[in-house]
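A closer look at the structure
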Amino acid sequence: DVKVTQSSRYLVKRTGEKVFLECVQDMDHENMFWYRQDPGLGLRLIYFSYDVKMKEKGDIPEGYSVSREKKERFSLILESASTNQTSMYLCASSLRGEASNQPQHFGDGTRLSIL
Amino acid sequence: AQTVTQSQPEMSVQEAETVTLSCTYDTSESDYYLFWYKQPPSRQMILVIRQEAYKQQNATENRFSVNFQKAAKSFSLKISDSQLGDAAMYFCAYKPPGNTGKLIFGQGTTLQVKP
């Protein structure tokens, strides 16, 4: 089974701090994704990566950056955390392919609170 | 823009009964994929069922089946013989053509199962 591991289940940080959320997958997937999940809004894509050192903005990239130095690891960075970034963050990975019906596999999520 | 709409924020069903969750989407593409994901409380998001748009036959997975109406852009999930373990938030997701693997999610429907 695919395993997607997020480094923390719960995290509390202060406004203005630099915050790192880490995600590791063990199935050699090319694609990796970061979402935030908010009530009534579903999952919104922040950034995704389809290869090492490659990244593309999703729908809500403002205030975030990402890093993918190794294929298995995809990091989300909040450069200067703000209270409106309090949310559940989900990492996912999937195989790459034009006609792929392969689903995304998700981590357990990180519930981040910015005080 | 491609969008996915789940118009039922909350649903409830009696144990052993059948329930249908609604999902509509908007796209001008003809070849795409659709998914239903389940997110149990405080647990990992998992794939429930998937549908390829080029297939006319509705997908089924044990007690879960879909009613895929391509012309109407509708993709509902039917859960038969509901069990307490089916209680979760359910997300409908649309995957456009291309190899990025990006998904567009609906807002989610919280399903309560009553004993």
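Structure: see above.
So, a few notes on the structure that sits alongside this text. Position labels on residues start from 1 in each chain and follow its written sequence. The lettering of chains begins at A and the numbering of ligands begins at 1, in the order of writing. It should be noted that, the model being predicted, local features are given only for residues of pLDDT at least 70 and side-chain atom pairs only at 80 or more, the latter also being counted only at that level, while totals for whole chains, interfaces and linings use all residues. Hydrogens and water are ignored here; the side-chain numbers use all heavy atoms of the structure.

**Concerning the overall build of chain B**
Applicable threshold: Labels follow the DSSP assignment, with helices taken as runs of H or I lasting at least four residues and strands as runs of E lasting at least two, numbered in each case from the N terminus. Categorising residues by exposure relies on relative accessible area from a 1.4 Å probe, with only protein chains included: less than 20% of the type maximum marks a residue as buried, more than 50% marks it as exposed, and the intermediate range marks it as partly exposed. Any two residues whose heavy atoms approach within 4.5 Å are treated as being in contact. Residue burial considers only the protein chains on display, and all accessible areas are found by Shrake-Rupley using a 1.4 Å probe. Positive residues here are Lys and Arg, negative ones are Asp and Glu, while His and the chain termini are left out of the count. For this purpose, a charge sits on NZ of Lys, CZ of Arg, CG of Asp or CD of Glu.
Helices and strands together make up the secondary structure of chain B, namely 0 helices and 12 strands. For chain B, the sequential pattern of α-helices and β-strands runs β-β-β-β-β-β-β-β-β-β-β-β. In terms of overall dimensions, chain B has C-alpha extents of about 40 × 30 × 20 Å along its principal axes. Buried positions account for 45% of the 115 residues belonging to chain B. The long-range fraction of contacts in chain B, counting pairs at least 24 apart against all pairs at least 6 apart in sequence, stands at 55%. With an accessible surface of roughly 5,600 Å², chain B has 44% of that area assigned to carbon and sulfur atoms. Across chain B, the 11 positively charged side chains and the 10 negatively charged ones have centroids separated by 4 Å.

**Some details on the pattern of salt bridges**
All names here are of chain A. Put simply, the rule is: In what follows, salt bridge is the name for a side-chain nitrogen of Lys or Arg lying within 4 Å of a carboxyl oxygen of Asp or Glu.
A complete count under the given rule lists 10 salt bridges over all chains for this structure. A salt bridge links Glu-22 to Arg-73; its shortest N-O distance comes to 4.0 Å. Within this pair, whereas Glu-22 is found in strand 3 (residues 19-25), its partner Arg-73 is found in strand 8 (residues 73-78), the two being separated by 51 residues in sequence. According to the relative accessible area criterion, Glu-22 is partly exposed, its value standing at 24%. Using a relative accessible area of 39% as the deciding quantity, one classes Arg-73 as partly exposed.

**A word on unusual backbone geometry**
Despite not being glycine, Lys-53 of chain A has its phi angle at roughly 65°, a positive value. Here Lys-53 of chain A is to be found in the loop between strand 5 (42-49) and strand 6 (56-57). By relative accessible area, Lys-53 of chain A is classed as exposed at 57%. Of note in the backbone geometry, Ala-16 of chain B takes a positive phi value of approximately 80° without being a glycine. Within the element layout of this structure, Ala-16 of chain B appears in the loop between strand 2 (10-14) and strand 3 (19-21). According to the relative accessible area criterion, Ala-16 of chain B is partly exposed, its value standing at 47%.

**Considerations on the layout of surface pockets**
The test is simple: Cavity and pocket criteria rest on a 1 Å grid covering protein atoms alone: a 1.4 Å probe that fits but cannot get out defines a cavity, protein on both sides within 12 Å along at least 5 of 7 lines defines an open pocket, and an atom within 4 Å of a point defines a lining residue. Grid points are joined across faces, edges and corners, and a volume is the space filled by probe spheres set on the points.
Its volume calculated, the largest pocket comes out at about 480 Å³. Lining the largest pocket are 25 residues, with Gln-37, Met-88 and Arg-111 of chain A together with Gln-39 and Met-89 of chain B positioned closest to its centre. The set of elements that each furnish at least two residues to the lining of the largest pocket consists of strand 4 (31-38) and strand 9 (87-94) of chain A together with strand 10 (88-95) of chain B. Considering each element in turn, the lining of the largest pocket owes the most residues, 3 residues, to strand 10 of chain B.

**A look at the sheet that holds strand 1 (residues 4-6) of chain A**
Residue and element names in this part refer to chain A. Here is the rule we go by: Pairing between two strands is assigned when DSSP locates at least 2 bridges connecting them. Helix axes are fitted to C-alpha atoms over the stretch in contact, other axes to C-alpha atoms as well, and angles between N-to-C directions run from 0 to 180 degrees.
Taken in spatial order, the 4 strands line up as 1-3-8-7 in an open sheet, and their pairing is antiparallel. In this open sheet, the two edge strands, each paired with only one partner strand, are strand 1 and strand 7 (64-70). On average, each strand axis in the sheet is inclined to that of its neighbour by 20°, with strand direction left out of account.

**Here we look at the interface of chain A and chain B**
The accessible area lost on association of the parts is a frequent measure of interface size. Threshold: Accessible area that two parts lose when put together, evaluated with a 1.4 Å probe and summed over both, is termed the buried area. Counted as a polar contact is a pair of N or O atoms within 3.5 Å, where, for protein atoms, one must be capable of donating a hydrogen and the other of accepting one, and residues adjacent in sequence contribute only when both atoms are in side chains. In this classification, the charged set is Asp, Glu, Lys and Arg, the nonpolar set is Ala, Val, Leu, Ile, Met, Phe, Trp, Tyr, Cys and Pro, and all remaining amino acids, among them Gly, are polar.
Taken residue by residue, the interface counts 26 residues in chain A and 23 residues in chain B. Together, the buried faces of chain A and chain B total about 2,000 Å²; carbon and sulfur atoms form 48% of this surface. Where chain A meets chain B, there are 0 salt bridges. Summed over the shared surface of chain A and chain B, the result is 3 residue pairs in polar contact (both at pLDDT 80 or more). Contributing elements (two or more residues each) for the side of chain A that touches chain B: strand 4, strand 5 and strand 9 of chain A. Per-class residue counts for the side of chain A that touches chain B are 11 nonpolar, 11 polar and 4 charged.

**Considerations on the state of the cysteines**
We count it as follows: Cysteine sulfurs are considered disulfide-paired once they come within 2.5 Å of each other.
If you walk through the whole model with that rule in mind, you get 2 disulfides over all chains. One disulfide in the model links Cys-23 of chain A with Cys-91 of chain A; its S-S distance is 1.9 Å. With the S-S bond torsion at -80°, the cross-link from Cys-23 of chain A to Cys-91 of chain A turns out left-handed. Here Cys-23 of chain A is found in strand 3, whereas its partner Cys-91 of chain A is found in strand 9, with 68 residues between them in sequence. Comparing Cys-23 of chain A with Cys-91 of chain A, the two get one shared label, buried. Disulfide partner of Cys-23 of chain B: Cys-92 of chain B, at an S-S distance of 2.0 Å. Measuring handedness by torsion sign, the sulfur bridge of Cys-23 of chain B and Cys-92 of chain B sits at about -70° and is left-handed. One end of the pair, Cys-23 of chain B, is in the loop between strand 3 and strand 4 (24-26); the other, Cys-92 of chain B, is in strand 10, with 69 residues separating them in the sequence. Owing to a relative accessible area of 1%, Cys-23 of chain B belongs among the buried residues under this scheme.

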